Amino acid sequence: MSVKMQDIITALENLAPLHIAEDWDNVGLILGRRQTDVSKVLLALDATDEIVGEAIKLGCEAIITHHPPIFKPITRINDDNARGIRFLTLIERGMAVYACHTNLDSCIGGINDMLFDILELANKEYICESKPDVFAARAGLLTKGMTLEGFANFVKKRLNLPFASFVGDADAKVHKVGILGGAGSDIKFFRGALKAGCDTFVTADIRYIPALQAQDLGLNLVEATHYGSEIIFADGIKKYLGQHLPNLEVFVSNVNGQPFKGV
């Protein structure tokens, strides 16, 4: 049994409409034909060589990623470099690649809602409005008393991270938490979390200067890593597609795409 690629697209866009993606993003069908017959699909954060190889081995006709394999226009696709070879492989095999990125971050039931549930928060609030009625982040209350260090360790365990790092006083009590999967170290997100009454913000790609900015603002930070805070999308989308397209066989990639290792 199989479905058309367009059936998969329709299901995904009912969950995460393209229009709620950030203006700089590139979401939707990146490569392939809408009328391709698809019986098997692979879910992965990125369409790397390892992922493409895994999809071929599994017999998948499509890959659904979170990160778009193309952000900016490209001028040529050839075998002069690894990226070109990867695209040629996909094209020659007739495989489709679909990306649901910031639209899946912000949508109801998307990555930030998945994070909210995984971190066992309560009293959900939608914060950091990026477009009218589109909210980039979530906020909620901890259901257990924790220090910042304890909460960082909790995040590490819940997201299966290689390490836990945080910004702030290790013994500070955590009460209200803001969350934003992926890169959320822009000061506008810090201010949005503070405006919502958060004392702690969980996000990724926290660099030195933003860490200092958060300290000056009095906001604790927990680094969830880009990969760790977003790879959770795969299990959620597998369940969603199983409910809406029962004839489709959906695989979650076994490739560990986390580039950072812990000791």
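See the structure printed just above.
Residues numbered from 1 in each chain as written. Predicted model: local features only at pLDDT ≥ 70, side-chain atom pairs only at ≥ 80, totals over all residues. Heavy atoms only, no water.

Trainee: It is not clear to me how the sheet that holds strand β7 (residues 121-131) should be interpreted in this structure. Could you clarify?
Mentor: Reading across from one edge, β7-β8-β10-β11-β12-β9 is the order of the 6 strands in this open sheet, with mixed pairing throughout. The open sheet has two free edges, formed respectively by β7 and β9 (165-167), since each of these has just one partner strand. Neighbour-to-neighbour, the strand axes of this sheet turn through a mean angle of 25 degrees, independent of strand direction. In this sheet, strand β12 (residues 220-223) lies alongside strand β11 (residues 200-204) in parallel orientation, the contact comprising 4 bridges. Paired with Thr203 across the two strands is Glu223, which belongs to β12. Helix-sheet contacts for helix α7 (residues 187-195) involve β7, β8 (134-147), β10 (173-183), β11 and β12, and the interaxial angle to β7 is about 135 degrees. (Pairing = 2+ DSSP bridges. Helix = DSSP H or I, 4+ residues; strand = E, 2+ residues; numbered from the N terminus. Axes fitted to C-alpha atoms, helices over the stretch in contact; angles between N-to-C directions. Contact = heavy atoms within 4.5 Å.)

Trainee: How should the nonpolar core be read in this particular structure?
Mentor: In a soluble, globular protein the nonpolar side chains are often hidden away together inside. Ile8, Leu104, Phe151, Val155, Val202, Leu241 and Leu248 are the most contacted members of the largest nonpolar core, which totals 52 residues. Apart from the residues lying within four places of it in its own chain, the contact partners of Phe151 are Leu142, Met146, Val174, Val177, Thr200, Val202 and Val222. If you look at the next biggest cluster of nonpolar residues, it comprises 18 residues, including Ala193, Ile206, Ala214 and Leu221. (Core = buried A, V, L, I, M, F, W, Y, C linked by side-chain atoms within 4.5 Å. Buried < 20%, exposed > 50% of the residue type's maximum accessible area, 1.4 Å probe, protein only.)

Trainee: So what exactly am I meant to see when it comes to the pattern of salt bridges here?
Mentor: Any two side chains of opposite charge can pair, given that their charged atoms come close. Going through the model one piece at a time under the given rule, you end up with 8 salt bridges. The partner of Asp49 in a salt bridge is Arg86, and the shortest N-O contact between them spans 2.9 Å. Of this pair, Asp49 sits in helix α2 (residues 49-58) while Arg86 sits in helix α3 (residues 82-92), and the two are 37 residues apart along the sequence. Looking at Asp49, the relative accessible area reads 45%, which means it is partly exposed. Across the salt bridge formed by Glu125 and Lys176, the nearest N and O atoms sit 2.7 Å from each other. With Glu125 in strand β7 and Lys176 in strand β10, this residue pair connects regions lying 51 residues apart in the sequence. Using a relative accessible area of 31% as the deciding quantity, one classes Glu125 as partly exposed. You can call Lys176 buried: its relative accessible area is 13%. Members of the salt-bridge network, linked through shared partners, are Asp113, Lys124 and Arg138. (Salt bridge = Lys/Arg side-chain N within 4 Å of Asp/Glu carboxyl O.)

Trainee: Hey, could you run me through the state of the cysteines in this one?
Mentor: Think of a disulfide as a covalent bridge from one cysteine sulfur atom to another cysteine sulfur atom. Evaluated as defined, the whole model comprises 0 disulfides. Sulfur of Cys60: no disulfide; nearest cysteine sulfur belongs to Cys100 and is 15 Å away. The closest cysteine sulfur to the non-disulfide-bonded Cys198 is located on Cys128, 8.2 Å from its own sulfur. A residue is classified by how much of its surface remains accessible, and Cys198, at 4% relative accessible area, is buried. (Disulfide = S-S within 2.5 Å.)

Trainee: Explain the packing of α2 against α3 here, please?
Mentor: Packed helices, taken two at a time, are described by the angle between their axes plus the distance between the axes. Contact geometry of α2 with α3 gives a least axis separation of 11 Å together with a crossing angle of 20 degrees. Between α2 and α3, the angle is such that the two are roughly parallel. For the element pair α2 and α3, the recorded crossing hand is left-handed. Across the interface between the two elements, Asp49, Val52 and Ile56 of α2 pack against Ala82, Arg86, Thr89 and Leu90 of α3. A class-by-class count of the residues in the contact of α2 with α3 yields 4 nonpolar, 1 polar and 2 charged. (Parallel < 35°, antiparallel > 145°, perpendicular 65-115°, else oblique. Left-handed = near helix turned anticlockwise from the far one by under 90°. Nonpolar A, V, L, I, M, F, W, Y, C, P; charged D, E, K, R; others polar.)

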